[in-house]
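An overview of the molecular structure
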Amino acid sequence: MTMKSLLLGAAAGFAALATAQAADLPMTKGEAVEYVKVCSAFGPGFFYIPGSDTCLKIGGEIRADYRGYNQSGDSRTAADGYKQTRNNHSSAFNTEARISFDARTQTEYGLLRSFFQLRANSRPIPSNWNVNSDTSGNTFSIKYAYLQFGGLTAGFAHSYFGFYDFEYGNTLWGAYYAQSNVVNLLAYTADFGGGFSATLSVEDGRDHRQNAFRAMQGGQQAPDVVGQVRFKQDWGSIAVQAAAHQYRSATALDANGVPVLPTNANYIPRENKWGYAVGASLLLNIPALDKGHLVIEGQYADGALDYLGISSTKLKGQDYFINSNGGFDGGKGWSVTAELGGNFTPQWGFNLVGGYIDTTYDKFSALGGDLGVKEYSLTGNLTYTIVKGLTVTGELTYTHQDIDNTVWTTGTGANAVSRVTDAKSDFWTGGVRIKRTF
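None of the values given here were measured: they were computed from a predicted structure.

Helices and strands together make up the secondary structure of the chain, namely one helix and 19 strands. Counting over 438 residues, the chain shows a buried share of 39%. Summarising the internal contacts of the chain: among those between residues at least 6 apart in sequence, 63% fall at separations of at least 24.

Moving on, we get to the pattern of salt bridges. This structure, assessed with the given rule, holds eight salt bridges. The shortest N-O distance in the salt bridge between Asp102 and Arg104 comes to 2.9 Å. Judged by its relative accessible area of 7%, Asp102 falls in the buried class. Ionic pairing is found between Asp402 and Lys424, a salt bridge with its closest N-O pair at 3.1 Å. In this pair, Asp402 sits in strand 18 (residues 390-410) while Lys424 sits in strand 19 (residues 417-437), placing the two residues 22 residues apart along the sequence. With a relative accessible area of 18%, Asp402 lands in the buried category. Members of the salt-bridge network, linked through shared partners, are Asp102, Arg104 and Arg113.

Moving on, we come to the packing of aromatic side chains. Tallied over the entire structure, the rule returns 15 aromatic pairs. On the basis of an interplanar angle of 40° and a centroid distance of 6.1 Å, the ring pair of Phe344 and Phe350 is categorised as tilted. Site record: aromatic cluster; members linked through ring pairs are Phe115, Tyr144 and Tyr146. The residue whose ring lies beneath Lys37 is Tyr48, and the NZ or CZ to ring-centre distance is 5.8 Å. Seen from the ring of Tyr144, Lys143 lies directly overhead, with NZ or CZ sitting 5.7 Å from the centre.

Turning our eyes to something else, we now look at a nonpolar patch on the surface. A cluster of nonpolar side chains, contributed by Tyr109, Leu112, Phe149, Leu152, Leu186, Tyr188 and Val202, occupies part of the molecular surface with about 680 Å² of accessible area. With respect to the helices and strands, Leu112 occurs in strand 4 (residues 110-121). The class of Leu112 is partly exposed, set by a relative accessible area of 37%.

The next subject is the side chain of Gln401. With respect to the element layout, Gln401 can be found in strand 18. Overall, the relative accessible area of 1% leaves Gln401 in the buried class. There is a polar contact of 2.7 Å between the side chain of Gln401 and the side chain of Glu375.

Moving on, we get to the side chain of Ser197. Position of Ser197 relative to the elements: it lies in strand 8 (residues 196-203). Using a relative accessible area of 19% as the deciding quantity, one classes Ser197 as buried. The contacts of Ser197, once residues within four sequence positions are left out, are Thr189, Ala190, Asp191, Phe192, Gln228, Val229 and Arg230.

Bringing the confidence of the model for the chain into the picture now. Should the pLDDT be low somewhere, the predicted coordinates at that spot are not to be read in detail. Averaged over all residues, the pLDDT of the chain equals 84, while 82% of them reach at least 70. The element-level mean pLDDT for the chain is lowest in helix 1 (residues 2-24), coming to 48, with strand 8 highest at 98. The low-confidence segment residues 76-81, where pLDDT is below 50, has 14 contacts with residues more than four positions distant or belonging to other chains.

Attention now goes to the nonpolar core. Membership of the largest hydrophobic core comes to 29 residues, with the highest contact counts inside it found for Phe161, Leu185, Val226, Leu305, Tyr307 and Tyr361. The set of elements that each furnish at least two residues to this core consists of strand 5 (139-149), strand 6 (152-158), strand 7 (182-193), strand 16 (348-365) and strand 17 (369-387). Of all the elements, strand 7 adds the most residues to this core, at four residues. Among all residues touching Leu185, those that are not within four sequence positions of it are Thr153, Ala154, Gly155, Ala157, His158, Ser159, Tyr160, Ser201, Val202 and Glu203.

Parameters and conventions
Residues numbered from 1 in each chain as written. Predicted model: local features only at pLDDT ≥ 70, side-chain atom pairs only at ≥ 80, totals over all residues. Heavy atoms only, no water. Helix = DSSP H or I, 4+ residues; strand = E, 2+ residues; numbered from the N terminus. Buried < 20%, exposed > 50% of the residue type's maximum accessible area, 1.4 Å probe, protein only. Contact = heavy atoms within 4.5 Å. Salt bridge = Lys/Arg side-chain N within 4 Å of Asp/Glu carboxyl O. Phe/Tyr/Trp six-rings, centres within 6.5 Å; stacked < 30°, edge-to-face > 60°. Lys NZ or Arg CZ within 6 Å of the ring centre and 35° of its normal. Patch = residues over 30% accessible without salt bridge, like charges linked within 9 Å, V, L, I, M, F, W, Y side chains within 5 Å. Areas by Shrake-Rupley, 256 points an atom, 1.4 Å probe, with all protein chains shown as cover. Polar contact = N/O pair within 3.5 Å; in protein donor to acceptor, adjacent residues only side chain to side chain. pLDDT = per-residue confidence, 0-100. Core = buried A, V, L, I, M, F, W, Y, C linked by side-chain atoms within 4.5 Å.

Structural data, given as structure tokens:
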């Protein structure tokens, strides 16, 4: 009993001592947990980055493409590949993954935004479907990377000559004969109120080059200058735009790297010229359809054919060439594109796109005089939404091309014979895209 009493007393003493010491310690609270909060200021999908006033939206896509291709018509040379041969694919697959980050902060001087999108392709399909131009798999690229602050836009973004944006130009693979390129630029947009705005953009001229003869191109001396005025209302919007594009000849070198003399057949005249492009675009909203729209775009260019959307053509054009008089000259032409689209039920949507492009190269060849390339394209697609974020789209495109005064060469070496002729070709492309968006 005596031992038990001693142990109980000691335990009570230690408990009292611990309680007294604990009373002297400062009281602390558990650290507050900072949860991710929804940001409703910029639409659905945005959330606040913890510890900041910046809202971020992360998005992505997976696109599985399955396509077929057929071409027929005249073959201008043995190497043209205009007719379907055993060196051309008639079907090809590709899978593309996209991820984008859109960060926005409202400041006292206006909206501060940065946006970029990365793309990865498993097996990009070559534009001419030829085995010799197959692209290796697992390619990565930057589709967009720009920042905006108030009216300023800087980085890799859509050219401000174009009306093309995330909502329009809704073909999978069909041609779109209008400016839709992504280029490096520095631009400022002024908002005058009442729906009026104007943009002045300085754009990298290298991104606007279209020339099959790369050896003729000189280095860039001045960037392109692009201007656009836009008027936007509930019924739609209208825009007019213009661009100036410099093209310069290169210095032709011989095998030893020495500039060739004017008497040499490979001599390129020393030229420094400016080309230009002008255009207008119209958008009409169609209230009877969800996202219903009609877009019409038209443009004319001289020495600046990229602004016509010539990169969409089957025969890639060129801004400049050595004409039959030995001078350095620019091509000229015009194009027009119309698009009608929308959703006629919550599950079904469509797009119909038609376009025409006409380019001319004066005195292109001593044999044939002026070279003319004309092309029109018709595209239709139908999209079915299986569940939210998952769609299946089928598309069919027909393209017809006429080439006037081209040079047809037969034979080789001393037996080679060249003559002037016209060529006509037809192209069909069809396929299915399964897309998951999140």
